[in-house]
Amino acid sequence: MMTHDIAVIPGDGIGHEVTPAAMEVARAAGRRHGFGLHLTEYDWSCERYLREGAMMPPGGLDRLRAHDAIFLGAVGAPGVPDHVSLWGLLIPIRRAFRQYVNLRPVRLFPGVESPVRAEVDLVVVRENTEGEYSEIGGRMNRGFPEEMAVQQSVFTRAGVTRVLDYAFDLAGRRRGYLTSATKSNGIVHTLPFWDELVKERAAEFPGVRWDQEHIDALCAKLVLQPSRFDVIVGSNLFGDILSDLAAAVAGSIGIAPSANLNPSREFPSMFEPVHGSAPDIAGQGLANPIGAIWSAAMMVEHLGHARAAEQIVAAIAAVLAKGDVRTRDLGGTSGTEQFTRAVLAELG
Ligand SMILES: NC(=O)c1ccc[n+]([C@@H]2O[C@H](COP(=O)([O-])OP(=O)(O)OC[C@H]3O[C@@H](n4cnc5c(N)ncnc54)[C@H](O)[C@@H]3O)[C@@H](O)[C@H]2O)c1
């Protein structure tokens, strides 16, 4: 039997609750489809930061490098600034392993209440390693009236081209329609460059219809007419904002999955629910495990088991459609454990 070697980082808060649920479902799918998962758990987290002064130990990235994939629950804790968890763990992993595509599918499942009445089935492709999330810049004159901060955005031809190619190719395998998020009317250097590259790459994908929308108008349209979108591609910041917005449109942040992909497969990719550590509900067994389970399905697909991944998502959809087992964020009364059992029962 083929066994995949997975690094598991439950992280903080509800990460400890949704990660075991996701791994249990992925392993159950593996038993049906003839593959196994060998899990190695790492305690890298804000908890570790408070104890030892670092989110991960020296050499941590080298330990991850040897695995086939990485699964992350969520990081973040009250008392630890959010930039510590982001720059101490998530961003180093995304950058060291060239996970330049952040893939966030959004679907409104039958049976889920949403602020919109529409069919939603789209994917946000977020550039994941450059753009607005750059460490180039600085602060000067701290504490004086002329105090200032400067932060540079970085858009490279290579970095933008590779994420656009991924998004166009994905659109070609879906409904053949791509929307590029821009703001080239106000941001006059980087985003006109982005737009030019979109036009350039579009010529290589004649089967894909495409257009571009300014980010502000796009946010409004995503709420008013979410069904018209198929693949939306955006820079690091725009993609981040759009995917949380789209997740809320689809009913709950607890449902949304994500993959940080290294499409060349030179390094491991990382899979994680979009939500954070939710300290307000942590430790109570209330967390919705769908985002984590769906992320595990994306991992299983990346490892070459598309059929198993489809079955996991179908099992989630079936439980939601029946409607009797759902977590509180979706208006139900069930806990993490009960929902996970229902998904396992659907899987058979
Ligand atoms: N990738 C990550 O690990 C990640 C992502 C976002 C936020 N964070 C961190 O998480 C901490 C809390 O951040 P936040 O409150 O802004 O975002 P959050 O996603 O943790 O929570 C936002 C709201 O959604 C609810 N929620 C989130 N996930 C849920 C789930 N699975 N089931 C039911 N309800 C759910 C929470 O209870 C909360 O009310 C912060 O430290 C933040 O930095 C981490």
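Residues numbered from 1 in each chain as written. Predicted model: local features only at pLDDT ≥ 70, side-chain atom pairs only at ≥ 80, totals over all residues. Heavy atoms only, no water.

## Quick notes on the sheet that holds strand β5 (residues 121-127)
Turning to step 1, where the next piece is worked out: One open sheet accounts for 10 strands, arranged β2-β1-β3-β12-β11-β4-β5-β10-β8-β9; its pairing is mixed. Because the sheet does not close on itself, it has two edges, and the strands there are β2 (35-41) and β9 (209-214). This sheet shows a mean twist of 25 degrees between the axes of neighbouring strands, independent of strand direction.
Turning to step 2, where the next piece is worked out: Judged from the 5 bridges that link them, strand β1 (residues 2-11) and strand β3 (residues 69-74) form a sheet pairing that is parallel. For Val8, the partnering residue across the bridge sits in β3 and is Phe71.
Turning to step 3, where the next piece is worked out: Its contacts with the sheet put helix α7 (residues 215-224) on β5, β8 (177-182), β9 and β10 (231-234), and the angle it makes with β9 is roughly 110 degrees. (Pairing = 2+ DSSP bridges. Helix = DSSP H or I, 4+ residues; strand = E, 2+ residues; numbered from the N terminus. Axes fitted to C-alpha atoms, helices over the stretch in contact; angles between N-to-C directions. Contact = heavy atoms within 4.5 Å.)

## A word on the layout of surface pockets
Turning to step 1, where the next piece is worked out: Taken as a whole, the largest pocket spans an internal volume of roughly 700 Å³.
Turning to step 2, where the next piece is worked out: In this structure, the largest pocket is lined by 22 residues; those nearest its centre are Leu103, Pro105, Leu170, Met298 and Glu301.
Turning to step 3, where the next piece is worked out: With 5 residues, helix α9 (residues 290-302) is the single largest residue contributor to the lining of the largest pocket.
Turning to step 4, where the next piece is worked out: When the residues that make up the lining of the largest pocket are grouped by side-chain class, the tally is 14 nonpolar, 1 polar and 7 charged.
Turning to step 5, where the next piece is worked out: Each of two domains, domain 1 (1-99 + 257-348) and domain 2 (114-250), supplies a minimum of three residues to the lining of the largest pocket.
Turning to step 6, where the next piece is worked out: Here the second largest pocket defines a volume of roughly 500 Å³.
Turning to step 7, where the next piece is worked out: Taken together, 23 residues make up the lining of the second largest pocket; nearest its centre are Leu86, Leu90, Val274, His275 and Gly276.
Turning to step 8, where the next piece is worked out: Those elements that place two or more of their residues in the lining of the second largest pocket are β3, α4 (82-96), α8 (236-249) and β12 (269-273).
Turning to step 9, where the next piece is worked out: Among the elements that take part in the lining of the second largest pocket, α4 stands out by supplying 6 residues, more than any other.
Turning to step 10, where the next piece is worked out: Here the lining of the second largest pocket is built from residues that sort into 10 nonpolar, 6 polar and 7 charged. (1 Å grid on protein atoms, 1.4 Å probe; cavity = no way out; pocket = protein on both sides within 12 Å on 5 of 7 lines; lining within 4 Å. Points joined across faces, edges and corners; volume = space filled by probe spheres on them. Nonpolar A, V, L, I, M, F, W, Y, C, P; charged D, E, K, R; others polar. Domains from an automatic or database assignment.)

## Examining the site of the ligand
Turning to step 1, where the next piece is worked out: If you check the shell around the ligand, you find 21 residues, and the closest are Asp82, Gly276, Ala278, Asp280 and Asn288.
Turning to step 2, where the next piece is worked out: One of the backbone N or O atoms of Ala278 is found 2.8 Å from an oxygen atom in the ligand.
Turning to step 3, where the next piece is worked out: For the ligand, whose accessible area on its own is 800 Å², the fraction buried by protein is 69%.
Turning to step 4, where the next piece is worked out: Residues belonging to the shell around the ligand are distributed by class as follows: 11 nonpolar, 6 polar and 4 charged. (Near = heavy atom within 4 Å. Polar contact = N/O pair within 3.5 Å; in protein donor to acceptor, adjacent residues only side chain to side chain. Areas by Shrake-Rupley, 256 points an atom, 1.4 Å probe, with all protein chains shown as cover.)

## Some details on the packing of aromatic side chains
Turning to step 1, where the next piece is worked out: Following the criterion strictly, the structure yields 5 aromatic pairs and no others.
Turning to step 2, where the next piece is worked out: Seen from their ring centres, Tyr42 and Trp44 are 4.7 Å apart, and the 40 degrees between their planes marks the pair as tilted.
Turning to step 3, where the next piece is worked out: With centroids separated by 5.4 Å and ring planes inclined at 65 degrees, the aromatic side chains of Phe109 and Trp294 adopt a geometry described as edge-to-face. Of this pair, Phe109 sits in the loop between β4 (101-107) and β5 while Trp294 sits in helix α9; the two residues are 185 residues apart in sequence, bridging distant segments of the chain. Assigned by exposure class, Phe109 and Trp294 land together as buried.
Turning to step 4, where the next piece is worked out: Over the ring of Tyr133 we find Arg126; its NZ or CZ atom is 5.3 Å from the centre of that ring. (Phe/Tyr/Trp six-rings, centres within 6.5 Å; stacked < 30°, edge-to-face > 60°. Buried < 20%, exposed > 50% of the residue type's maximum accessible area, 1.4 Å probe, protein only. Lys NZ or Arg CZ within 6 Å of the ring centre and 35° of its normal.)

## What to know about the packing of helix α10 (residues 306-322) against helix α11 (residues 336-347)
Turning to step 1, where the next piece is worked out: Interhelical geometry of α10 versus α11 gives an angle of 120 degrees and a closest axis separation of 9 Å. In the packing of α10 onto α11, the handedness of the crossing is right-handed. Residues Gln311, Ile312, Ala315, Ile316, Ala318, Val319, Leu320 and Lys322 of α10 touch α11, and the partners they reach there are Phe339, Ala342, Val343, Glu346 and Leu347.
Turning to step 2, where the next piece is worked out: When its residues are assigned to classes, the contact of α10 with α11 shows 10 nonpolar, 1 polar and 2 charged. (Left-handed = near helix turned anticlockwise from the far one by under 90°.)

## Re the pairing of β5
Turning to step 1, where the next piece is worked out: Along β5, 6 of the 7 residues are buried, which leaves the element largely enclosed by surrounding structure.
Turning to step 2, where the next piece is worked out: Pairing of β4 with β5, which is carried by 7 bridges, proceeds in the antiparallel orientation. The residue bridging Arg104 from the neighbouring strand is Val124, located in β5.
Turning to step 3, where the next piece is worked out: Taken together, the 4 bridges between β5 and β10 define a ladder with parallel strand orientation.

## Some remarks on the domain arrangement of the protein chain
Turning to step 1, where the next piece is worked out: Annotation of the protein chain at the domain level lists domain 1 (1-99 + 257-348) and domain 2 (114-250).
Turning to step 2, where the next piece is worked out: Taken together, the contact pairs 10 residues of domain 1 with 11 residues of domain 2.
Turning to step 3, where the next piece is worked out: Buried area between domain 1 and domain 2, summed over both chains or domains, comes out near 820 Å², and the portion from carbon and sulfur atoms is 50%.
Turning to step 4, where the next piece is worked out: Note that Arg95 and Glu135 form a salt bridge whose closest N and O atoms lie 2.9 Å from each other.
Turning to step 5, where the next piece is worked out: If you look at where domain 1 meets domain 2, you find 5 residue pairs in polar contact (both at pLDDT 80 or more).
Turning to step 6, where the next piece is worked out: Elements with a contribution of two residues or more to the side of domain 1 that touches domain 2: α4 and β11 (257-261).
Turning to step 7, where the next piece is worked out: Counting residues per element, the side of domain 1 that touches domain 2 draws most heavily on α4, at 4 residues.
Turning to step 8, where the next piece is worked out: In terms of residue class, the side of domain 1 that touches domain 2 is built from 5 nonpolar, 2 polar and 3 charged. (Buried area = accessible area lost by both parts, 1.4 Å probe. Salt bridge = Lys/Arg side-chain N within 4 Å of Asp/Glu carboxyl O.)

## Side note on the environment of Gly59
Turning to step 1, where the next piece is worked out: Relative to the elements of secondary structure, Gly59 occurs in the loop between α2 (46-52) and α3 (60-65).
Turning to step 2, where the next piece is worked out: Taking the C-alpha atoms as reference points, Gly59 and Val84, separated by 25 residues in sequence, lie 18 Å from one another.

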